[in-house]
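Spelled out from the first residue to the last, the chains are:
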Amino acid sequence: MLTVLLVVLGFCAGMLGALTGIGGGVLLTPILALHFGIPIRQAIGTSLVAVITTSAASSSVHLQRHTTDIRLGMTLELATSFGAAVTAYLVGYFNRNALEGLFAGFLLYSAITILSRGGKVKDADETTEFINGEAVIPPYEPERYPLGMTASLVAGALSGLLGIGGGPIKVPVMYIFMNVPLMVATATSNFMIGVTGAASAIVYYRRGDILVQYAAPLAVGVFLGSLLGARLAPRVHTRIVVYLLVAVMLYLSGHLFIHLLRGWL
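Read on for an overview of the structure. (Residues numbered from 1 in each chain as written. Predicted model: local features only at pLDDT ≥ 70, side-chain atom pairs only at ≥ 80, totals over all residues. Heavy atoms only, no water.)

## So, the overall build of the protein
Counting its secondary structure elements, the protein contains ten helices and two strands. In the protein, the order of α-helices and β-strands from amino to carboxyl end is α-α-α-α-α-β-β-α-α-α-α-α. Sorting the 265 residues of the protein into buried and exposed places 55% on the buried side. In the protein, the share of contacts with a sequence separation of at least 24, taken over all contacts with a separation of at least 6, comes to 85%. Accessible surface for the protein amounts to roughly 11400 Å². Of this, 68% is attributable to carbon and sulfur atoms. (Helix = DSSP H or I, 4+ residues; strand = E, 2+ residues; numbered from the N terminus. Buried < 20%, exposed > 50% of the residue type's maximum accessible area, 1.4 Å probe, protein only. Contact = heavy atoms within 4.5 Å. Areas by Shrake-Rupley, 256 points an atom, 1.4 Å probe, with all protein chains shown as cover.)

Pasting the structure below:
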């Protein structure tokens with residue numbers, strides 16, 4: 001029964017992760033810790049396996065459709081992988097409360113920014129066309145690379161610390177600040193999160209913080225859900241994906257704020 005539950009949980013997390021480009025670890029880490037009673041460090045390590053699986057399954061579909069900006073992804077991933085590897089080694093020395101507070105604040109700010117604009121961040125979102133179910137991406141040029149690299153470094157650090165793949169930071173940054181269409185941002189994030197997750201998962205595995213009995217069924221569900229989510233992505237209206245992303249960001253920021261308040265009280 002537990003195995004079936006984990007497969008279903010992984011399927012839902014994988015589909016959401018593929019649609020929004022956040023990897024699925026956003027949901028799995030708190031669920032494993034809160035509802036399955038797994039110690040937080042092992043929950044983080046186990047969820048990183050799901051992040052890698054999401055990337056492997058969904059990025060192959062996005063690459064076939066040419067919706068992934070490989071050049072942008074490889075550039076940002078340099079900073080993300082470095083941040084993920086460093087914090088995975090130094091996880092015991094960081095002030096987790098301060099980082100979680102910054103992360104929650106950023107997510108809340110990004111969600112409010114998108115909602116204040118009615119779910120529309122750029123006019124280009126409305127010009128995305130679909131031909132035979134395939135998306136035609138409008139012309140764009142990524143901007144503010146220094147901001148993107150800095151945010152990717154932070155995203156990698158939080159990936160190694162919280163097991164979330166870094167997608168909740170990279171997608172909003174690419175979408176809101178770097179002038180990248182949402183479909184390209186989610187596809188590029190899915191392309192990057194596998195490398196990000198692997199950079200820190202190796203460290204967690206060597207410490208024995210990846211529970212194979214949980215990771216294996218989760219990976220099966222995540223793989224199937226990610227494939228479905230990636231194939232559905234071009235057929236799902238941009239506004240729906242935006243509000244899915246906002247819902248996830250609000251959920252995670254609220255979860256982190258509540259956790260911080262409990263610690264202070």
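## What about the packing of helix α4 (residues 70-89) against helix α8 (residues 182-206)?
The N-to-C vectors of α4 and α8 enclose an angle of 20°; their axes lie 9 Å apart at closest approach. Comparing their axes, α8 and α4 come out roughly parallel. The way α4 lies across α8 gives a crossing that is right-handed. Within the contact between the two elements, α4 uses I70, G73, M74, L76, E77, T80, S81, A84, A85, A88 and Y89 and α8 uses T188, F191, M192, V195, T196, A199, S200, V203, Y204 and R206. Residues that form the contact of α4 with α8 fall into these classes: 13 nonpolar, six polar and two charged. (Axes fitted to C-alpha atoms, helices over the stretch in contact; angles between N-to-C directions. Parallel < 35°, antiparallel > 145°, perpendicular 65-115°, else oblique. Left-handed = near helix turned anticlockwise from the far one by under 90°. Nonpolar A, V, L, I, M, F, W, Y, C, P; charged D, E, K, R; others polar.)

## Things to note about the side chain of D69
Position of D69 relative to the elements: it lies in the loop between α3 (40-65) and α4. Among the polar contacts made by the side chain of D69, one reaches the side chain of Y140 at a distance of 2.7 Å. Contact partners of D69, with chain neighbours within four places excluded, come to Y140, P142, V184 and T188. (Polar contact = N/O pair within 3.5 Å; in protein donor to acceptor, adjacent residues only side chain to side chain.)

## With respect to unusual backbone geometry
A positive phi is found at R144, a non-glycine position, where the angle reads about 55°. Topologically, R144 is positioned in the loop between β2 (134-136) and α6 (145-162). Note on R144: relative accessible area 47%, which makes it partly exposed. The phi dihedral of N179 falls on the positive side, at around 65°, and the residue is not glycine. Residue position: N179 is located in the loop between α7 (167-177) and α8.

## Section: the nonpolar core
If you look at the biggest cluster of nonpolar residues, it comprises 19 residues, and the most contacted ones within it are L72, L76, I169, M174, M178, V180 and A185. For this core, the elements supplying multiple residues, two or more each, are α4, α6, α7 and α8. At six residues, the largest contribution of residues to this core is made by α7. If we skip the residues at most four places from it in the chain, L72 touches P142, Y145, M174, M178 and V180. Of all hydrophobic cores here, the second largest spans 16 residues; its members include A13, L16, L211 and V222. (Core = buried A, V, L, I, M, F, W, Y, C linked by side-chain atoms within 4.5 Å.)

## Describing α8
For α8, built from 25 residues, the straight-helix expectation of 36 Å at 1.5 Å per residue is met to within 8% by its first-to-last C-alpha distance of 36 Å. At S200, α8 is bent by approximately 30°, the largest bend along its length. For α8, the tally of buried residues reaches 20 of 25 residues, placing the bulk of the element in the interior. (Expected span 1.5 Å × (residues − 1). Bend = angle between axes of the 7 residues up to and from the residue.)

## With respect to a nonpolar patch on the surface
Where nonpolar side chains cluster on the molecular surface, the patch consists of L108, I112, L115, Y243, L250 and F257 and spans about 480 Å² of accessible area. Counting only elements with at least two residues in the nonpolar patch, the list comes to α5 (96-116) and α10 (238-264). Within the secondary structure, I112 is located in helix α5. Looking at I112, the relative accessible area reads 48%, which means it is partly exposed. (Patch = residues over 30% accessible without salt bridge, like charges linked within 9 Å, V, L, I, M, F, W, Y side chains within 5 Å. Salt bridge = Lys/Arg side-chain N within 4 Å of Asp/Glu carboxyl O.)

## Quick notes on the environment of R239
With respect to the element layout, R239 can be found in helix α10. The class of R239 is partly exposed, set by a relative accessible area of 32%. With 57 residues separating them along the chain, R239 and L182 place their C-alpha atoms 9.7 Å apart.

## Let's talk about the pattern of salt bridges
Under the counting rule described, the total for this entry stands at three salt bridges. Between R144 and E143 there is a salt bridge, and its shortest N-O distance comes to 3.5 Å.

In short, shape yes, function no, at least from these values alone.
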